[in-house]
Amino acid sequence: MNKKRQTLLYIICDYVSAIIVWTLFFFLRNEYIDAYYLEYPEQRALILTDEHYVYGLCFIPLMWLLLYYLSGYYKNVYRKSRLKELINTFFITLVGSFILLFAIILDDNVPSYEAYYESYILLVCLHFIVTYIPRFIITTRTTKKIRNREIGFNTVLVGSNEKAEQLYNRLVSAKKSSGNKFVGFVNVIEQQQYQMAKYIPHLGNIENVKQLLKGRHIEEIIIAIETKEHAYIEKILTCLQGTKAVIKAIPDNCDIITGRVTFNSIHDEPLIVISQNVMPIWEEKMKRAFDIIISILVLVLGFPLYLFTAIMVKRSSKGPIFYKQERIGQFGVPFNIYKFRSMYTDSEVTGPQLSSENDSRITPWGHTMRKYRLDEIPQFYNVLKGDMSLVGPRPEREYFIKQIVKIAPHYIHLQKVKPGITSLGQVKYGYAQSPEEMAKRLKYDILYIENMSIYLDIKILFYTIRTVISGEGV
């Protein structure tokens, strides 16, 4: 499958549709609604050179593409529901047309206010019909290919015995394919023999699932465990945490699976889709846009302060101005975090150590930076790169994560989201000086993930700003 090509096809069709709609709308509006062209019909020959038409042709299609992107339409292009696609197209059409009504149409010369309602209805009808028809054709064609087994998703079964076997046989023998291409199965409980071994390869144990899935391009994981294995469901979900694959389960497990789930029918085989999205897609996109805008503003407007901080770091002790260190980010992916150096060089020659309030490794200027969190400023660059967010659980080193997981195995759930410069855990608990304290701070970060929203991010940012100004950062 070529997801990029499929996504590009949707984008091109949407872009061309927006151009066609704007052109039709502009001509029809000027033919029947605009008072100026109704009074001077001979001027219609100049419509193509009208600056409003030309500017609209340049910018309006881009506005529509942005709205579709924010709504998450271009995500999971091979897994579209035609009903949801229809609703999504209609809803975005209403919103986008409303924006254009206030941005462009209200400046028209009209014979009466009724003309505004006519313009809005005309734009909604044109845009919905012209946009939805090519979408419907592409999605129907793709769905047909999936059902005919021309397109498939690499799938792993979690389960190795009777229920897994029954599910596998139902999916494989179905007249219309669900799109699952089984590459193997993983077991939950160790056994000498597995029923599924006669159908597909045995990949290993659930505990090593992330390593087993590397390089296999797995897009879907289906949990089909036995009743006696229900006690392991939390462990299974923890092991699967961070994988980008869609996770599903057979219905009789639904009463023991926690979190937000939605029912999804794959033709005649209903499965539960376990949602890994902690925010609606549109809000997720808004959060990213918010991160970028704020980071650019902070980095540009605060340049004099950063320059002063850099000079003070250089004067305080020998060594580089900046300090980078590998941390673990979203989905367990490592990245380099950047800070202004607040410690003397070679401060960890004996191995990784957490800092404390009266740490002798911290320089005098380092104490001041930490008090006002000036050492964290370079992390706005990490936010721009996409490694981090403004708000999210603080990223840790793998060395300490392994220690925390022994105390609190559910720590791994923090990797659902991007780490942040500030967090609810840091605001409510402060800096942790040991793995035990990190585990105690964990409850606040879990609470944040369960209630993530732009509103909560803004509250945490304001609280952080107050902490920084008051010098309570240590």
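Just above, that's the structure.
Visitor: Mind showing me how you'd approach helix 10 (residues 303-316) here?
Guide: A turn of α-helix holds 3.6 residues, and therefore any two residues three or four places apart point the same way. In this model, helix 10 (14 residues) spans 20 Å end to end at C-alpha, consistent with the 20 Å of a helix rising 1.5 Å per residue. Buried residues of helix 10: Tyr306, Thr309, Ala310 and Val313, and no others. The arc that holds the buried residues of helix 10, viewed along the axis, is 100°, so those residues lie on one side. When the buried face of helix 10 is taken as reference, the exposed residues oriented beyond 90 degrees from it are Pro304 and Arg315. For helix 10, the elements touching its buried residues are helix 9 (281-301), strand 9 (334-340) and helix 11 (364-372).

Visitor: Looking at this structure, I do not really get unusual backbone geometry. What am I missing?
Guide: One non-glycine residue, asparagine 76, adopts positive backbone phi at about 55°. Its location among the elements puts asparagine 76 in the loop between helix 3 (51-70) and helix 4 (82-103). Phi at phenylalanine 331 is positive, roughly 60°, even though this residue is not glycine. In this fold, phenylalanine 331 is placed in the loop between strand 8 (322-328) and strand 9.

Visitor: Could you clarify how one ought to interpret the packing of aromatic side chains in this entry?
Guide: Centre distance and the angle of the planes are the two values used to describe a pair of aromatic rings. Counted according to the given criterion, the structure contains 20 aromatic pairs. Residues tryptophan 22 and phenylalanine 25 carry aromatic rings whose centres are separated by 6.0 Å and whose planes lie at 35° to one another, so their mutual orientation is tilted. Separated by three residues within a single helix, tryptophan 22 and phenylalanine 25 lie in helix 1 (residues 3-32), roughly one turn from each other. One aromatic cluster is present, built from ring pairs that chain together Tyr10, Trp64, Tyr68, Tyr73 and Tyr74.

Visitor: Looking at this model, I keep getting lost on the environment of aspartate 291. Mind explaining?
Guide: Structurally, aspartate 291 is set in helix 9. Residues aspartate 291 and leucine 390 lie 99 residues apart in sequence; the distance between their C-alpha atoms is 5.9 Å. Ignoring anything within four residues of it in the chain, the contact list for aspartate 291 reads Val383, Ser389 and Leu390.

Visitor: Honestly, the environment of cysteine 125 in this entry has me stumped. Any pointers?
Guide: Tracing the sequence through the fold places cysteine 125 in helix 5 (residues 114-147). Taking the C-alpha atoms as reference points, cysteine 125 and valine 21, 104 residues apart in sequence, are found 9.6 Å from one another.

Visitor: I would appreciate a short explanation of the pattern of salt bridges in the present structure.
Guide: Two side chains bearing opposite charge may form a pair once their charged atoms approach each other closely. Across all of its chains, the model carries nine salt bridges by this definition. For aspartate 14, the salt bridge identified is with arginine 135, shortest N-O distance 3.0 Å. Remark: arginine 135 occurs in helix 5 and aspartate 14 occurs in helix 1; sequence separation between them is 121 residues. Judged by relative accessible area, aspartate 14 falls into the buried class, the value being 1%. A relative accessible area of 1% means that arginine 135 is categorised as buried. When the shortest N-O distance is used, the salt bridge between aspartate 387 and lysine 385 registers 3.5 Å. Through salt bridges with shared partners, a single network forms among Arg79, Glu220 and Lys248.

The rules behind each value
Residues numbered from 1 in each chain as written. Predicted model: local features only at pLDDT ≥ 70, side-chain atom pairs only at ≥ 80, totals over all residues. Heavy atoms only, no water. Helix = DSSP H or I, 4+ residues; strand = E, 2+ residues; numbered from the N terminus. Expected span 1.5 Å × (residues − 1). Buried < 20%, exposed > 50% of the residue type's maximum accessible area, 1.4 Å probe, protein only. Arc of directions from axis to C-beta. Contact = heavy atoms within 4.5 Å. Phe/Tyr/Trp six-rings, centres within 6.5 Å; stacked < 30°, edge-to-face > 60°. Salt bridge = Lys/Arg side-chain N within 4 Å of Asp/Glu carboxyl O.

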